[in-house]
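Chain by chain, the residues:
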Amino acid sequence: MHDKILILDFGSQVTQLIARRIRESHVYSEIHPYDVDEVFIREFAPKGIILSGGPNSVTEAGSPRAPQIVFDLGVPVLGICYGMQTMADQLGGKVELGRVREFGYAEVRAHNHTSFLNDIEDFRDAAGHGMLKVWMSHGDKVADMPAGFKLMASTPSCPIAAMADDERRFYGLQWHPEVTHTVQGRAMLDRFVLELCGANPDWEMGHYIDEAVEKIREQVGNEHVILGLSGGVDSSVAAALLHRAIGDQLTCVFVDHGLLRLNEAEQVMTTFADHLGVKVIHVDASAEFLSKLTGVTDPEAKRKIIGAEFVEVFQAEANKLTDAQWLAQGTIYPDVIESAGKGKKGAHTIKSHHNVGGLPETLNLKLLEPLRELFKDEVRELGVKLGLPPAMVYRHPFPGPGLGVRILGEVKREFADLLRRADAIFIETLRTTIDKETGKSWYDLTSQAFAVFLPVKSVGVMGDGRTYEYVVALRAVQTLDFMTAHWAHLPHELLGHVSNRIINEVRGINRVVYDISGKPPATIEWE
């Protein structure tokens, strides 16, 4: 059994980052709602507990509180932002509305030599005090610490920015150590998890394969499994893991909705059917999908149509496989976390996921989700260890509806064909252009890059003739967590080369623009 850290979620949009940072230190962690019962917490047997941030105010009646067992269990507890405030309130301290709110970068002064912050600092100020560069996001603040706590850090506007009770191993931080903006955040979480909790760092993907294979075999027995293979990272790794575990008991159904990247269908079939020897049924349903999308311009409507049609096509194929007892899906841990937040007091849901709770009852199949404990970076690492090509595993994210949400407005086959070719030119150029300073390709230096089809025409000149053709926008961003993102400062020569190639090679496009919006205020995808 792995040592485990329990994260109780009070609704912060960055709670996932806490779990990811802890797992990066090779310690297993899970996120659960703040109001789980005492029995669950005892059975989970955590080495330590973290209380996340959240959008509520401790000063409001009925706002979320941690179960009392958290403070009675005898394990270290770390409260972050709202988690610190509810810890203070529940243990006899006082929280009040702050007159000055703090959002963004801040410099905090460390006080006292607590075991939590000892030897962790970014610089010394003129008076010789240890200082930390952190990221704040709070309005309320702790006004009085509970008995037994001492001051651990402060800012001019937040006199109690961190507190510690070393005897009970209770710690509170008003800032967010999980975000990259807190420079020593990794050191802080390592201090809590590895030293104060004493957790064993044994969470490794190499070991996980053996555990997962054994678990799948025990769960499935000699029964048959079907999997909807999209060609994306999650379903691809799920297919490789299941094939490792049960071999010919797995059948994959690859549905081509006509909105894939250039040559993607051929690549999927080559990788799985030819290279790995997986049984794959290839269904070309592009005509059906494009027909259902005719005249539809609303982005959410397009997503729903594509999702519903995929289920329909997949179900028709599944019904032909009379020996299948299991439906496998590439659900990963962020899908589970975000969907679990729907309707939960204190959690602000960002989006729903087709993989979670979307199993058609008419299939009469048992659900198998072999990746539901893993974050995306863990899934990629697992894929490489299972023998999938790194170029496939480390591809940039691609939306489930495919090019359907990268074609603004109505989706037409003509538009998809133009966009496919333009996007391929952009990606190929990023892969083959090496940055001299880092020695890496610009594809590796960007987190996500793609082309977007704009349903507008502009006037152009080619040779001696006037053209009136379509426009594509190029989008490339750099990010560590996809919560926020900066537009990538691609070399002008690279952009010029891509523009020339698209305009010269893709008949029907005569203008290329580059998107220089960050997230926020924009999103990474356009729809």
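Residues numbered from 1 in each chain as written. Predicted model: local features only at pLDDT ≥ 70, side-chain atom pairs only at ≥ 80, totals over all residues. Heavy atoms only, no water.

Per an unreviewed UniProt entry, the protein carries the name GMP synthase [glutamine-hydrolyzing] and comes from Caballeronia arationis. Under Catalytic activity (unreviewed entry), UniProt gives the following word-for-word description of the protein: "XMP + L-glutamine + ATP + H2O = GMP + L-glutamate + AMP + diphosphate + 2 H(+)". Entered under Function (unreviewed entry) in the UniProt record, the comment concerning the protein runs "Catalyzes the synthesis of GMP from XMP." (UniProt positions renumbered as here; feature names shortened; annotations may be inferred.)

Trainee: Sorry, what's going on with a negative patch on the surface here?
Mentor: Side chains of Asp210, Glu211, Glu214 and Glu218 sit close together on the surface and give a patch of like negative charge. Positionally, glutamate 214 belongs in helix α6 (residues 205-220). Residue classification places glutamate 214 among the exposed positions, given a relative accessible area of 54%. (Patch = residues over 30% accessible without salt bridge, like charges linked within 9 Å, V, L, I, M, F, W, Y side chains within 5 Å. Areas by Shrake-Rupley, 256 points an atom, 1.4 Å probe, with all protein chains shown as cover. Salt bridge = Lys/Arg side-chain N within 4 Å of Asp/Glu carboxyl O. Lys, Arg positive; Asp, Glu negative; His and termini not counted. Charge placed at Lys NZ, Arg CZ, Asp CG, Glu CD. Helix = DSSP H or I, 4+ residues; strand = E, 2+ residues; numbered from the N terminus. Buried < 20%, exposed > 50% of the residue type's maximum accessible area, 1.4 Å probe, protein only.)

Trainee: Please clarify how the pattern of salt bridges should be interpreted in this entry.
Mentor: It is possible for side chains of opposite charge to pair when their charged atoms get near one another. Per the stated rule, a full pass over the model turns up 23 salt bridges. The shortest N-O distance in the salt bridge between arginine 372 and glutamate 369 comes to 2.3 Å. You can call arginine 372 partly exposed: its relative accessible area is 34%. Residue classification places glutamate 369 among the buried residues on the basis of a relative accessible area of 14%. Taken together, the shared-partner salt bridges connect Arg21, Glu24, Arg186 and Asp190 into one network.

Trainee: Even after reading the chapter, I still don't get the sheet that holds strand β13 (residues 279-284), so can you show me in this structure?
Mentor: Pairing between the strands of a sheet comes from backbone hydrogen bonds, and it takes one of two forms, parallel or antiparallel. Spatially, the five strands line up as an open sheet ordered β13-β12-β11-β14-β15, and their pairing is parallel. Each edge of the open sheet is held by one strand with a lone partner, namely β13 and β15 (366-368). When the angles between neighbouring strand axes are averaged without regard to direction, this sheet yields 30°. Summarising the sheet, strand β12 (residues 250-256) and β13 pair through six bridges and their orientation is parallel. Counterpart to valine 255 in the pairing with β13 is valine 283. (Pairing = 2+ DSSP bridges. Axes fitted to C-alpha atoms, helices over the stretch in contact; angles between N-to-C directions.)

Trainee: Is there a simple way to explain the environment of phenylalanine 453 in this structure?
Mentor: Note on placement: phenylalanine 453 falls in strand β16 (residues 448-462). In this structure, the C-alpha to C-alpha distance between phenylalanine 453 and histidine 26, residues 427 residues apart in sequence, is 42 Å. In contact with phenylalanine 453, not counting residues within four places along its chain, are Arg406, Ile407, Leu408, Phe415, Leu418, Leu419, Tyr470, Val471 and Val472. (Contact = heavy atoms within 4.5 Å.)

Trainee: It is not clear to me how the domain arrangement of the protein should be interpreted in this structure. Could you clarify?
Mentor: Where the parts come together, the accessible area they lose is often given as the size of the interface. Domain parsing of the protein yields domain 1 (4-196), domain 2 (205-394) and domain 3 (413-514). Computed from C-alpha coordinates alone, the two centres of domain 2 and domain 3 are separated by 29 Å. Contact residues are listed per partner, giving 10 residues for domain 2 and seven residues for domain 3. In this assembly, domain 2 and domain 3 are joined by zero salt bridges. In this structure, the connection of domain 2 to domain 3 is made through two residue pairs in polar contact (both at pLDDT 80 or more). Looking at which element gives the most residues to the side of domain 2 that touches domain 3, the answer is helix α9 (residues 286-292), with three residues. (Domains from an automatic or database assignment. Polar contact = N/O pair within 3.5 Å; in protein donor to acceptor, adjacent residues only side chain to side chain.)

Trainee: Teacher, can you tell me more about the UniProt feature "active site" (unreviewed entry) in the protein here?
Mentor: The sites that carry the UniProt feature "active site" (unreviewed entry) are, in the present numbering, Cys81, His176 and Glu178. For the annotated residues, spread through 98 residues, the largest C-alpha to C-alpha distance comes to 11.2 Å, consistent with a single compact locus. The buried category is assigned to cysteine 81, whose relative accessible area is 5%. Leave out the neighbours within four places in its chain, and cysteine 81 touches Gly53, Ser137, His138, Leu173, Gln174, Trp175 and His176. Inspection of the secondary structure puts histidine 176 in the loop between β10 (170-173) and α5 (185-196). Among the residues examined, histidine 176 registers a relative accessible area of 4% and is labelled buried.

Trainee: How do you make sense of the nonpolar core when you look at a structure like this?
Mentor: Generally speaking, nonpolar side chains in soluble globular proteins are found buried as a group. One finds Leu430, Leu474, Leu490 and Ile502 to be the most contacted residues of the largest nonpolar core, which totals 49 residues. Examining the composition of this core, we find that nine residues originate from one element, helix α14 (residues 413-432), more than from any other. Both domains that furnish three or more residues to this core are identified here as domain 2 (205-394) and domain 3 (413-514). Those residues in contact with leucine 490 that sit more than four places away from it in its chain are Phe426, Leu430, Trp442, Thr446, Ala476, Leu495 and Tyr514. By size, the runner-up hydrophobic cluster in this structure holds 43 residues, among which are Ala240, Leu241, Ala328 and Leu374. (Core = buried A, V, L, I, M, F, W, Y, C linked by side-chain atoms within 4.5 Å.)

Trainee: Sorry if this is basic, but what is going on with the packing of α6 against helix α12 (residues 376-385) here?
Mentor: Two packed helices can be described by the angle between their axes and the distance between those axes. Between α6 and α12, the least distance of the axes is 9 Å, while the angle of their chain directions is 80°. As the angle between them shows, α6 and α12 are arranged roughly perpendicular. Across the interface between the two elements, Met205, Gly206, Tyr208 and Ile209 from α6 touch Glu378, Glu381, Leu382 and Lys385 from α12. Per-class residue counts for the contact of α6 with α12 are four nonpolar, one polar and three charged. (Parallel < 35°, antiparallel > 145°, perpendicular 65-115°, else oblique. Nonpolar A, V, L, I, M, F, W, Y, C, P; charged D, E, K, R; others polar.)

Trainee: Looking at this model, I keep getting lost on the packing of aromatic side chains. Mind explaining?
Mentor: Any pair of aromatic rings gets described here by the distance separating the centres and the angle formed by the planes. A complete count under the given rule lists 13 aromatic pairs for this structure. Between phenylalanine 116 and tyrosine 171, the ring centres sit 5.4 Å apart and the planes meet at 35°, which makes this aromatic pair tilted. Placement of phenylalanine 116 in the loop between β5 (94-110) and β6 (123-124) and of tyrosine 171 in strand β10 is noted, with a sequence separation of 55 residues between them. Assessed through its relative accessible area of 0%, phenylalanine 116 is described here as buried. Judged by its relative accessible area of 1%, tyrosine 171 is buried. (Phe/Tyr/Trp six-rings, centres within 6.5 Å; stacked < 30°, edge-to-face > 60°.)

Trainee: What exactly am I supposed to notice about α5 here?
Mentor: At 3.6 residues per turn, the α-helix brings residues three or four places apart onto the same side. The end-to-end C-alpha distance of α5, which contains 12 residues, comes to 15 Å, matching closely the 16 Å that a straight helix rising 1.5 Å per residue would cover. Among all positions of α5, only Gly185, Met188, Leu189, Arg191, Phe192, Val193 and Leu196 are buried. For α5, the elements touching its buried residues are β1 (4-9), α1 (15-24), β3 (48-51), β4 (77-80), β7 (130-144) and β10. After α5 finishes, the residue glycine 198 shows a positive phi value of roughly 70°. (Expected span 1.5 Å × (residues − 1).)

Trainee: What am I meant to see in the UniProt feature "binding site: ATP" (unreviewed entry) in the protein here?
Mentor: Per the UniProt annotation, the sites labelled "binding site: ATP" (unreviewed entry) are Ser230, Gly231, Gly232, Val233, Asp234, Ser235 and Ser236. Considering the arrangement of structural elements, one finds serine 230 in the loop between β11 (224-228) and α7 (233-246). Those residues in contact with serine 230, other than ones at most four positions away along the chain, are Ser235, Phe254 and Leu260. There is a polar contact of 3.0 Å between the side chain of serine 230 and the backbone nitrogen of glycine 232. Topologically, aspartate 234 is positioned in helix α7.

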